[in-house]
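Close look at the chain arrangement
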Amino acid sequence: MESKKHGDSRTFDPNFKGPIHNRSCTDVLCCLLFILALLAYFAVGLLAWSQGDPRKVIYPTDSRGQFCGQIGTPLEKKPLLFYFNIMKCASPLVLLEFQCPTTQICVEKCPERFLTLKKAILNKEHMQYFSQFCKEGVDTTMMATELLRDGMCPSVIIPSRPFTRRCLPALETKKGGVVVIGNETTFTSGDVNLNATDLLEATKKSNIVVEARQVAMRIFEDYTQSWHWILLGLVIAMVLSLLFIILLRFLAGVMVWVMIILVILVIGYGIFHCYMQYAALKGQPGSDVTIKDLGLQTDFSIYLQIQQTWLAFMIILCIVEVVILLLLIFLRKRILIAIALIKEASKAVGHVMSSLFYPVLTFALVSVVIAYWAVTAVFLSTSSEPVYKVFNTTECEYSRQTCKPETFNRTNISAQCPDAECLFAFYGGETYYHKYLILFQFYNLFLFFWCVNFVTALGQVTLAGAFASYYWAFKKPDDIPAFPIFSSLGRALRYHTGSLAFGSLILSIIQVIRVILEYLEQKLKVAENRVAKFFLTCLKCCFWCLEKCIRFLNRNAYIMIAIYGKNFCTSAKDAFFLLMRNIVRVAVLDKVTDFLLFLGKLLIVGIVGVCSFFFFTRKIKAVEEAAPSLNYYWVPLLTVVFGTYLIAHGFFSVYAMCVDTLFLCFLEDLERNDGSAERPYFMSQNLLSTLKKPNEKVKTAWTTE
């Protein structure tokens, strides 16, 4: 009854010698759909590249939509953006349209002194200096009132500093919280007295878009200073991972226990370091400020100067340490079983050494997909046209309507609203292309997920086919086919592109739904509808669990595809029923091997991360002078840590795939054979004794002999 419920067990087949070579193409319709989707993706990319302009991200734009400082244009020598009236940047309009409702021009350098237009026009030298902050072609012989009426010049210029290519007031805060510009707290703009504190508020509003860019520029500078050290760190991570894998091949049992102990020690050192930093800051002025009171700071090093940050780090590491220790205590018996399986996987990897270098191909393909997606996304987001709107300070019925700067002065708008100006507002458009731009972005994201999942699936099928060839070779290594990785890759691409596209499509749809749910959650943050938030949280949890289940089913389905060459649905069903028929063994193995391999990745990341921390913070005296000068030392540190994890994950993913493949092949072997001379097992005696059921009596060809 149980057998029928979960399908029939495999029967003995004397001709079965591993992955079937005589197979046919599977899931052809999905293959054609994937090819058409890729062709459409390339078409979207070409359309985006023909319409987009990444300069909109790099250069600031003036009121006419021209790029400041762009090479090969009349504004090449004017890289900075100057605001006629920075006070207007305090308008709520900035929050809505991300544009200050004031004239903006490109200038060569920011103003360095106080000067009003009324005073400047009385002195030829002053007016010559002042005119560089007026519109091009200004007639300096005109009266000040005429220049202001026509919007040709600002009423006043104040000392400013370039900030992300924008001239913003050179504000300082003295003791007692007094805001000054230079040494002045107030100044006169025309007939109006202005306060430096008001300017500070206006400057904050003008920074709402560019503040993040300041951090990005500093991060970019850090990358230019440290990129070669980052590459060196990643090379060390690769060598360390490869060395660890080689040692695991010969000393699997010893290396696993060494790995466990070292992980505990590395995390323990992290706890000790955090405590020492916490204790060192105790009693220092300002160190007792909370992170909440500090708020968001662009200089992230400030957070490392308060006790609460190190206390949070210490608590997190303590929790991780306790969790790992508890898992090791309660899973000690299963760890022994997992070690035996890792030993067997080490032998397989040793016979198929080319499998260790296959993740390089996967990494290269994923990098190409990410690069294509990122470039297409940038070109799509910058493929809009400049949109101009009517900006004014008094009441006007044409306010915020679109306009054309070439014909604006000849329209009745300027007559009815004398103070109105036609200024660049944002990038957009009214064409069909611009209307459906959001759909192109969505398609770009969806194909990104589909392609990444397809590349991952291709790697899993290729490795599964190679390791299955090892397992089903009765005389190892004599019966192992030549070039198993290349043979498996060829079979996957020739016969099973459709099946891989099918499995990755299902996973991609779920991932896109999760992205949409994240987007909706961001939109609902300002809402007070708790019921909607509750249901949204439940949906997020459900789809997270669904994605994990689909990943598990896909992985085992790909193993069955690599062995039998059937379509995706049949392979997924066969793999699921095979696991269900052997649920006891699955429960014993569980995810213990994944946990041990994760500890291996954690160890390599910890070693490289700690060394990188000491290097970039200049705490190693021998190489103190070689370390680059950085704005944020955590930029190269996190890059190295993240890159190290990806590299270690690439190497250890080979082991994980090997373990899963050997386990499924082992279950198949038990159902097909009985260990007799006529039906001998393909597994080793050690693997059989490790994974057999308790009190299970088995006969093997070796014991018979």
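This one's a predicted model, so the numbers in the text were calculated from it and none came from an experiment.

Side note on the pattern of salt bridges
- If you walk through the whole model with that rule in mind, you get seven salt bridges.
- Here aspartate 574 makes a salt bridge to lysine 566, at a shortest N to O gap of 3.9 Å.
- With relative accessibility at 35%, the residue lysine 566 sits in the partly exposed group.
- Arginine 581 is paired through a salt bridge with glutamate 671; the nearest N and O atoms lie 2.9 Å apart. One end of the pair, arginine 581, is in helix H21 (residues 568-581); the other, glutamate 671, is in helix H24 (residues 634-672), with 90 residues separating them in the sequence. Both residues of the pair, arginine 581 and glutamate 671, belong to the buried class.
- Taken together, the salt bridges that share partners define one network made up of Arg514, Glu547 and Arg551.

Structural notes on the UniProt feature "transmembrane region" (unreviewed entry) in the chain
- Mapped onto the present numbering, the UniProt feature "transmembrane region" (unreviewed entry) falls on residues 28-49, 227-247, 254-272, 310-331, 352-375, 447-474, 595-616 and 637-657.
- Its end C-alpha atoms 32 Å apart, residues 28-49 is made of 100% helix and 0% strand.
- The span residues 227-247 is 100% helix and 0% strand, and its two end C-alpha atoms sit 30 Å from each other.

Focus: the environment of leucine 688
- With respect to the helices and strands, the residue leucine 688 is situated in helix H25 (residues 685-691).
- By relative accessible area, leucine 688 is classed as buried at 1%.

Thoughts on helix H20 (residues 530-564)
- Between the first and last C-alpha of H20 there are 50 Å, a value that for 35 residues agrees with the 51 Å anticipated at 1.5 Å per step.
- Glycine 565 lies just past H20 and shows a positive phi near 75 degrees.

Focus on the environment of glycine 270
- Structurally, the position occupied by glycine 270 is in helix H10 (residues 252-281).
- With 44 residues separating them along the chain, glycine 270 and methionine 314 place their C-alpha atoms 7.6 Å apart.

Focus: the packing of H20 against H21
- For the pair H20 and H21, the least separation of the axes is 8 Å and the interaxial angle reads 105 degrees. Taken together, the axes of H20 and H21 are roughly perpendicular relative to one another. Judged by residue contacts, Phe552, Leu553, Asn554, Asn556, Ala557, Tyr558, Met560 and Ile561 of H20 engage Phe568, Ser571, Ala572, Asp574, Ala575, Phe576 and Leu579 from H21.
- Grouping the constituent residues of the contact of H20 with H21 by class yields eleven nonpolar, three polar and one charged.

Conventions we followed
Residues numbered from 1 in each chain as written. Predicted model: local features only at pLDDT ≥ 70, side-chain atom pairs only at ≥ 80, totals over all residues. Heavy atoms only, no water. Salt bridge = Lys/Arg side-chain N within 4 Å of Asp/Glu carboxyl O. Buried < 20%, exposed > 50% of the residue type's maximum accessible area, 1.4 Å probe, protein only. Helix = DSSP H or I, 4+ residues; strand = E, 2+ residues; numbered from the N terminus. UniProt positions renumbered as here; feature names shortened; annotations may be inferred. Expected span 1.5 Å × (residues − 1). Axes fitted to C-alpha atoms, helices over the stretch in contact; angles between N-to-C directions. Parallel < 35°, antiparallel > 145°, perpendicular 65-115°, else oblique. Contact = heavy atoms within 4.5 Å. Nonpolar A, V, L, I, M, F, W, Y, C, P; charged D, E, K, R; others polar.

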